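Examination of the molecular architecture
The residues making up each chain are set out below.
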Amino acid sequence: MGLHHLDYLDELESESIHIFREVAGQFEKPALLFSGGKDSIVLVHLALKAFRPGKFPFPLVHIDTGHNFPEALEFRDSLVKTIDEKLIVSKVEDTIKERRLTEQKGKFASRNQLQTYTLLDTIEENGFDACIGGARRDEEKARAKERIFSVRDEFGQWDPKRQRPELWNIYNGKINKGENVRVFPISNWTELDIWNYIRREKIDLPSIYFAHNREVLEYDGQYVAVSGFIRIDETDIIINKKVRYRTVGDMTCTAAVASNASTIDDIINEITATKTSERGETRIDDKVSEAAMEDRKKNGYF
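Reading guide: rules and limits
Residues numbered from 1 in each chain as written. Predicted model: local features only at pLDDT ≥ 70, side-chain atom pairs only at ≥ 80, totals over all residues. Heavy atoms only, no water. Buried < 20%, exposed > 50% of the residue type's maximum accessible area, 1.4 Å probe, protein only. Helix = DSSP H or I, 4+ residues; strand = E, 2+ residues; numbered from the N terminus. Pairing = 2+ DSSP bridges. Right-handed = clockwise from strand over helix to strand, strands pointing away. Core = buried A, V, L, I, M, F, W, Y, C linked by side-chain atoms within 4.5 Å. Domains from an automatic or database assignment. Contact = heavy atoms within 4.5 Å. pLDDT = per-residue confidence, 0-100.

This brings us to the pairing of strand β6 (residues 180–183). Judged by which residues are buried, β6 turns out to be covered on both faces: Asn 180 and Arg 182 on one side and Val 181 and Val 183 on the other are all buried. Here three bridges tie strand β4 (residues 130–132) to β6, and the two strands are oriented parallel to one another. Across the sheet, the residue bridging to Ile 132 is Val 183, located in β6. The pairing of strand β5 (residues 149–152) with β6 spans four bridges and is antiparallel. For Phe 149, the partnering residue across the bridge sits in β6 and is Val 183.

This is the structure we're talking about:
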């Protein structure tokens, strides 16, 4: 059993490294989108295996909404310093001012819609022809429709019906002027695969992935971190609870789960027992409608 499991992780790792090297071989100006979350941290680890002892053939790019968890930002800066690679930070706050965008109102006012503008501007400004990201097919219905090389048109938009066949691990990166490709090297991984790989490779993560005490707002069955980015009403119930995060997005749209899992083994046992995906359980922005993610992707969201 142990040997079979090890071989399976090796197979996933090998496929991802192959995809990274295909990106380096086929594109002129790729970039790796980095959020500070576990999936993008695993991507960096895989990129190190793909290209060391050489430097990355791309910068890391963080689209900073300004609503990040401080732990994620601290980890981002520490990691970049450790691996000594280039980091480009593009701030949604700057895009809001430059484009005079209207921010979302409400209790959990998110900048998720607006960060698409920042991403597309960053792609255009830097001339990126491929953006590597940590999306996985098991996360959400729209992401399950993606190919590993996913073409975006000159407006950054995604058409789920305009997908290229990917047979025998052959990836077609040919694009027309103005188009770009989103690349997903860990498409075939599951949340459990990610955690088993993190355990095997001894990959460091931000502390919020492990159980800790935090002040949270209990709302509609979810636990949302108390921060200056959400509206606290008089009727709100705020409690101090032991929680952890399965996925790390903005503080405005990511809910915690009640948990005592303080080690990777604990987390793996917890995930094995759950029946909901990490986004399905903890991402408030995905609950807007059945097609919330797909609608955002069609407009250029990652």
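Let us look at the pairing of strand β1 (residues 30–33). Neither face of β1 is left uncovered, since the one carrying Pro 30 and Leu 32 and the one carrying Ala 31 and Leu 33 both have all their residues buried. Bridge analysis of β1 against β4 gives three bridges, and the strand direction is parallel. Across the sheet, Pro 30 pairs through a bridge with Ala 130, a residue of β4. With two bridges joining them, β1 and strand β2 (residues 60–64) adopt parallel strand pairing. Paired with Leu 32 across the two strands is Leu 60, which belongs to β2. In this fold, the crossover linking β1 to β2 by way of helix α2 (residues 38–51) has right-handed handedness.

Counting 58 residues, the largest nonpolar core has Phe 20, Phe 149 and Trp 195 as the members making the most contacts within it. With eight residues, the single largest contributor to this core is α2. In this structure, this core is formed jointly by two domains, domain 1 (8–192 + 291–298) and domain 2 (206–284), each of which donates at least three residues. Among all residues touching Trp 195, those that are not within four sequence positions of it are Lys 38, Leu 205, Tyr 209, Arg 244, Ile 264, Ile 267, Ile 268 and Ile 271. Counting 13 residues, the second-largest nonpolar core is a separate cluster that includes Ile 88, Ile 96, Phe 128 and Cys 131.

Our next topic: the confidence of the model for the chain. Looking at the chain as a whole, its pLDDT mean stands at 85, while 85% of the residues score no less than 70. Mean pLDDT per element in the chain: helix α9 (residues 292–298) is the minimum at 51, and α2 is the maximum at 97.

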